[in-house]
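Letter by letter, the chains look like this.
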Amino acid sequence: VLAVPVLFKQALENTEMEEGKSVSLRCELTKADATVVWKKGEAALQASAKYEMKQKGTVAELVIHNAEPEDA
């Protein structure tokens, strides 16, 4: 049995943010509840007070709290 690959139905878009505010990044996948790993460069982000990861069905979301220029 061949596994169907998970693809992006809606990819991430560039988002402008205001320093000190929260920003939400979302993408939509072709398969519900697929495993999503958020990265900054090569480093995988971990859930923390700064990074909040949410996933419902085919939509994955990363919320960055207290955004700073280094989060670009």
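Located above this text is the structure these notes cover.
Basis of the calculations
- Residues numbered from 1 in each chain as written.
- Predicted model: local features only at pLDDT ≥ 70, side-chain atom pairs only at ≥ 80, totals over all residues.
- Heavy atoms only, no water.
- Pairing = 2+ DSSP bridges.
- Helix = DSSP H or I, 4+ residues; strand = E, 2+ residues; numbered from the N terminus.
- Axes fitted to C-alpha atoms, helices over the stretch in contact; angles between N-to-C directions.
- Contact = heavy atoms within 4.5 Å.
- Polar contact = N/O pair within 3.5 Å; in protein donor to acceptor, adjacent residues only side chain to side chain.

Chemist: How should the sheet that holds strand β2 (residues 23-29) be read in this particular structure?
Modeler: Paired through their backbone hydrogen bonds, the strands of a sheet run either parallel or antiparallel. Overall, antiparallel pairing links the 4 strands, which are arranged β1-β2-β6-β5 in an open sheet. In this open sheet, the two edge strands, each paired with only one partner strand, are β1 (8-10) and β5 (51-56). Across the sheet, the axes of successive neighbouring strands diverge by a mean angle of 30°, strand direction being ignored. Where β2 lies against strand β6 (residues 59-64), 6 bridges are found, and the strand directions are antiparallel. The partner of Val23 across the bridge, within β6, is Ile64.

Chemist: Which parts of the structure should I look at to understand the pairing of β5?
Modeler: Two faces make up the sheet, and in a regular strand the side chains alternate between them. Judged from the 6 bridges that link them, β5 and β6 form a sheet pairing that is antiparallel. Bridging across to β6, Tyr51 finds its partner in Ile64. Where β5 folds back on β6, the antiparallel hairpin that results is connected by 2 residues, among which Gly57 adopts a positive phi of roughly 60°.

Chemist: Whenever I open this one, the environment of Lys50 confuses me. Can you help?
Modeler: Mapped onto the elements, Lys50 comes out in the loop between β4 (43-44) and β5. When residues no more than four places from it in sequence are discounted, the contact partners of Lys50 are Val63, Ile64, His65, Asn66, Ala67, Glu68 and Asp71. For Lys50, the side chain forms a polar contact with the side chain of Glu68, separated by 3.4 Å.

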